[in-house]
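# Descriptive analysis of the structure
Residues per chain are reported as follows:
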Amino acid sequence: MIKDIVHDPVFLAAKSEPATADDLQTAVDLVDTITANREACIGMAANMIGVLKRIIVFDDGGKYTVMFNPEIIRGEKPYKTEEGCLSLLGGPRPVERYKTIKVRWQNEKFEPRVKNFSGLAAQIIQHEIDHCNGVLI
């Protein structure tokens, strides 16, 4: 189901709780909502649709990847950039990111996964994990 985007900075600053198998519908709602906003959005976290769970979705080379309970376990080659956010009003804001990251997460069957990401995918994942941690850019 397509959900409304949350713009409340107080809500968005709250840390998300770990996701469980009971949260699979939230992942479906995230994919539906990012698909509906694909012209303006390439990544989304559950708190952006009003659910404080550690679930993110992002455009991974033309297909959407969903991560449950993602965490960055290594980052390399920090750089400065600017990012915008569908849930925050105003223009792009300065941030520091890593060019390459190693991420641990669970798939929709809650099987553990670990993978290295670089470039735009790494940047999106870092932005969305920030959302899970209550970090606003």
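Anyway, here's the lowdown on the structure attached to this text. (Residues numbered from 1 in each chain as written. Predicted model: local features only at pLDDT ≥ 70, side-chain atom pairs only at ≥ 80, totals over all residues. Heavy atoms only, no water.)

## Re the sheet that holds strand β5 (residues 112–118)
Quick reminder of the rule: At least two bridges found by DSSP between two strands is the condition for calling them paired. Only DSSP runs of H or I with at least four residues qualify as helices, and only runs of E with at least two residues qualify as strands; both kinds are numbered from the N terminus onward. Axis definition: a line fit to C-alpha positions, over the contact stretch in the case of helices; interaxial angles, taken between N-to-C directions, run 0 to 180 degrees.
The strand order across the open sheet built from 5 strands is β1-β2-β3-β4-β5, with neighbouring strands paired in antiparallel fashion. The open sheet has two free edges, formed respectively by β1 (43–45) and β5, since each of these has just one partner strand. Geometrically, the sheet is characterised by an average inter-axis angle of 35° between neighbouring strands, direction not taken into account. Two elements, strand β2 (residues 55–59) and strand β3 (residues 64–83), share 5 bridges in a ladder whose sense is antiparallel. Bridge assignment links Asp 59 to a residue of β3, and that residue is Tyr 64.

## Focus: the pattern of salt bridges
Which entries qualify depends on this criterion: A pairing counts as a salt bridge when a side-chain nitrogen of Lys or Arg comes within 4 Å of a carboxyl oxygen of Asp or Glu. Burial classes follow relative accessibility: with a 1.4 Å probe on protein chains only, a residue under 20% of its type's maximum area counts as buried, one over 50% as exposed, and anything between as partly exposed.
According to the stated counting rule, one finds 8 salt bridges in the structure shown. Measuring nitrogen to oxygen at the nearest pair gives 3.5 Å for the salt bridge that ties Lys 53 to Asp 23. Within this pair, whereas Lys 53 is found in the loop between β1 and β2, its partner Asp 23 is found in the loop between α1 (9–12) and α2 (24–36), the two being separated by 30 residues in sequence. The class for Lys 53 is partly exposed, based on a relative accessible area of 22%.

## Overview of helix α3 (residues 119–132)
What counts is decided by this rule: An expected span of 1.5 Å times one less than the residue number is assigned to each helix. Residue contacts are defined here by distance: any two heavy atoms, one from each residue, within 4.5 Å place the two residues in contact.
Compared with the 20 Å implied by 1.5 Å per residue over 14 residues, the 21 Å span of α3 between its first and last C-alpha is a close match. Every buried residue of α3 is listed here: Ala 121, Ala 122, Gln 123, Ile 124, Ile 125, Gln 126, His 127, Glu 128, Ile 129, Asp 130, His 131 and Cys 132. Residues of α3 that are buried in the fold lie against α1, β1, β2, β3, β4 (93–106) and β5. One or two residues past the end of α3 sits Gly 134, with phi positive at roughly 75°.

## Comments concerning the pairing of β4
Across 12 bridges, the pairing between β3 and β4 is antiparallel. Paired with Glu 82 across the strands is Pro 94, a residue of β4. As paired strands, β4 and β5 are joined by 7 bridges and run antiparallel to one another. Each bridged residue has a counterpart across the sheet, and for Val 103 the counterpart in β5 is Lys 115. Hairpin connection between β4 and β5: a loop of 5 residues separates the two successive antiparallel strands, and Phe 110 in this loop has a positive phi of roughly 60°.

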